[in-house]
Amino acid sequence: MDLNMEGITAYTKVNGLIVESEEPLYILSNRSGYDFKYSRGFDSHYLNDDTLERVVISEDGITVISSVEYLSDKFFTNISILFDTELDNISLLNIYRTVTESITSTSWNNDAINKDELDNMVGNYYNTIFIACRSKADHEIPFDITLYYQTKELVNKAITKSLDMLGYPRDIIKYMEDMGITLDAMEDAAMELVVGVDEPEEETRKKFRKTLLHALDDINVISYLVAALRLEEDYEHHRIRGVNVDDDPAYLYMDEIMGMAIANQIAGTKAIFNFKIYDQNKPGILGVLGPSADDIIGGLIAGCMSKIFEP
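Residues numbered from 1 in each chain as written. Predicted model: local features only at pLDDT ≥ 70, side-chain atom pairs only at ≥ 80, totals over all residues. Heavy atoms only, no water.

### Digging into the overall build of the protein
Move 1: If you tally the helices and strands in the protein, you get nine helices and seven strands.
Move 2: For the protein, the spread of C-alpha atoms along the three principal axes comes to 80 × 45 × 30 Å.
Move 3: A buried classification covers 46% of the 311 residues belonging to the protein.
Move 4: Element-wise, carbon and sulfur atoms account for 51% of the exposed surface of the protein, whose accessible area totals about 16,200 Å².
Move 5: Seen as two clouds, the 27 positive and the 54 negative side-chain charges of the protein have centres 1 Å apart. (Helix = DSSP H or I, 4+ residues; strand = E, 2+ residues; numbered from the N terminus. Buried < 20%, exposed > 50% of the residue type's maximum accessible area, 1.4 Å probe, protein only. Areas by Shrake-Rupley, 256 points an atom, 1.4 Å probe, with all protein chains shown as cover. Lys, Arg positive; Asp, Glu negative; His and termini not counted. Charge placed at Lys NZ, Arg CZ, Asp CG, Glu CD.)

What follows is the structure in structure tokens.
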């Protein structure tokens, strides 16, 4: 791996990445043994998936190495950043803070957020960070905001490329799947209320799947889905003061309006009629989703079912 820095090399060993230097580097890391210490190198960037690549970006004496894996429902982000200059401890601390904030903001912007209490929003527990420079400065370095902006920009670029390898940001199908709403589950729910149809069930399923995939290419359908599912997350986590819809109160009808709207977008007025049938019976997955999700997915299913039975 070419790091574009004289005397510094990087190579893979087993599933890790080794960075070595002919002269000792001055290093700060959130891993044991690297708290403002000199070392000729470090062992980092472990990957369980051999198909993933480590991203390397170099510019103006700064080299960033990035890798991101998704394991056990968690994102593991690994950043190594090498500076072809000397730095003091305060500068290294400010760079470390810049890197952690960059991981948070870039992960958030790409919707790659861990779901537990030690997620990307509250401390980056699952992230590994190494910051290395040529040596410790023997004097205090004047504060230069340009250095931190440049660091942030390069880290953002590297993490964005790493997340892209994982499929982030997600398309609408993966977005729904991560919420437990799969194509198969929607197909099964759609078929539960099919009556009086002469064609074989398998043929109806094929038509529904094709229509569903076509609907999910419509930016208006996508917009309805994202709006309702985002709202569902806000409801679930009680992010809006004074709003609690855990028991799906009767006076909440905005979710049904959105369900009718997405059904109408796909197949017109008749789909609104069919939406009410799915809303009342809540077959399959519709019976376990929250107050906004069940109606928006019910509307999606109703619209697609109405579309395939058009004259």
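Resuming the write-up.
### A few points about the packing of aromatic side chains
Move 1: In total, this model carries seven aromatic pairs according to the counting rule given.
Move 2: Considering the side-chain rings of Phe-42 and Phe-130, the 4.4 Å spacing of their centres and the 5° angle between planes classify their relative orientation as stacked. Taken together, the residues Phe-42 in strand β3 (residues 35-44) and Phe-130 in strand β7 (residues 128-136) connect sequence positions 88 residues apart.
Move 3: A relative accessible area of 2% means that Phe-130 is categorised as buried.
Move 4: A connected cluster of aromatic rings, assembled from ring pairs, spans Tyr-26, Phe-36 and Tyr-38. (Phe/Tyr/Trp six-rings, centres within 6.5 Å; stacked < 30°, edge-to-face > 60°.)

### Examining the environment of Met-305
Move 1: Along the chain, Met-305 falls in helix α9 (residues 293-308).
Move 2: Classification of Met-305 as buried rests on a relative accessible area of 5%.
Move 3: Each C-alpha atom, one on Met-305 and one on Phe-275, is 9.7 Å from the other, the two residues being 30 residues apart in sequence.
Move 4: Contacts of Met-305, omitting those with residues within four sequence positions, involve Ala-190, Val-194, Phe-208 and Tyr-278. (Contact = heavy atoms within 4.5 Å.)

### A few points about the pattern of salt bridges
Any two side chains of opposite charge can pair if their charged atoms end up close together.
Move 1: Taken as a whole and judged by the stated rule, the model has 21 salt bridges.
Move 2: Here Arg-170 and Asp-111 are joined by a salt bridge, their closest N and O atoms 2.3 Å apart. Of this pair, Arg-170 sits in the loop between α2 (145-165) and α3 (172-177) while Asp-111 sits in the loop between α1 (89-109) and β7; the two residues are 59 residues apart in sequence, bridging distant segments of the chain. You'll find Arg-170 and Asp-111 in the same group, each marked buried.
Move 3: Since its relative accessible area comes to 18%, Arg-170 is described here as buried.
Move 4: Each of the salt bridges in this network shares a partner with another, and the network as a whole consists of Asp-111, Arg-170, Lys-174, Asp-178, Arg-230 and Glu-233. (Salt bridge = Lys/Arg side-chain N within 4 Å of Asp/Glu carboxyl O.)

### Some thoughts on the environment of Glu-69
Move 1: Positionally, Glu-69 belongs in strand β5 (residues 62-71).
Move 2: Between the C-alpha atoms of Glu-69 and Ile-219, which are 150 residues apart in sequence, the distance is 29 Å.
Move 3: Here Asn-48 takes part through its backbone nitrogen, which lies 2.8 Å from a polar atom of the side chain of Glu-69. (Polar contact = N/O pair within 3.5 Å; in protein donor to acceptor, adjacent residues only side chain to side chain.)

### Side note on the packing of helix α6 (residues 219-236) against α9
Move 1: Two elements in contact, α6 and α9, have axes whose closest approach is 8 Å; the angle formed by their N-to-C orientations is 160°. Viewed along their axes, α6 and α9 adopt a mutual orientation that is roughly antiparallel. Between α6 and α9 the crossing geometry is left-handed. Contacts between α6 and α9 involve Val-221, Tyr-224, Leu-225, Ala-228, Leu-229 and Glu-232 on the former and, on the latter, Ala-293, Ile-296, Ile-297 and Leu-300. (Axes fitted to C-alpha atoms, helices over the stretch in contact; angles between N-to-C directions. Parallel < 35°, antiparallel > 145°, perpendicular 65-115°, else oblique. Left-handed = near helix turned anticlockwise from the far one by under 90°.)

### Observations regarding helix α8 (residues 269-281)
Move 1: Along α8, the positions that sit buried rather than exposed are Ala-271, Phe-275, Tyr-278 and Asp-279. The buried side chains of α8 occupy one side of the element, clustering within an arc of 100° when seen end-on. Along α8, exposed side chains directed more than 90 degrees from the buried face belong to Thr-269, Phe-273 and Gln-280.
Move 2: As for α8, its buried residues are in contact with α4 (183-192), α7 (254-267) and α9. (Arc of directions from axis to C-beta.)

### Describing unusual backbone geometry
Move 1: A cis amide bond, omega 0°, links Tyr-168 with the succeeding residue Pro-169.
Move 2: Along the chain, the position of Pro-169 falls in the loop between α2 and α3.
Move 3: The backbone of Lys-282 sits at a positive phi, close to 45°, despite the residue not being glycine.
Move 4: Tracing the sequence through the fold places Lys-282 in the loop between α8 and α9.

### What about α4?
Move 1: Burial runs high along α4: seven of the ten residues are buried.
Move 2: Listed as buried for α4 are Leu-183, Ala-185, Met-186, Glu-187, Ala-189, Ala-190 and Met-191.
Move 3: In this structure, the buried residues of α4 make contact with α3, α5 (201-215), α8 and α9.

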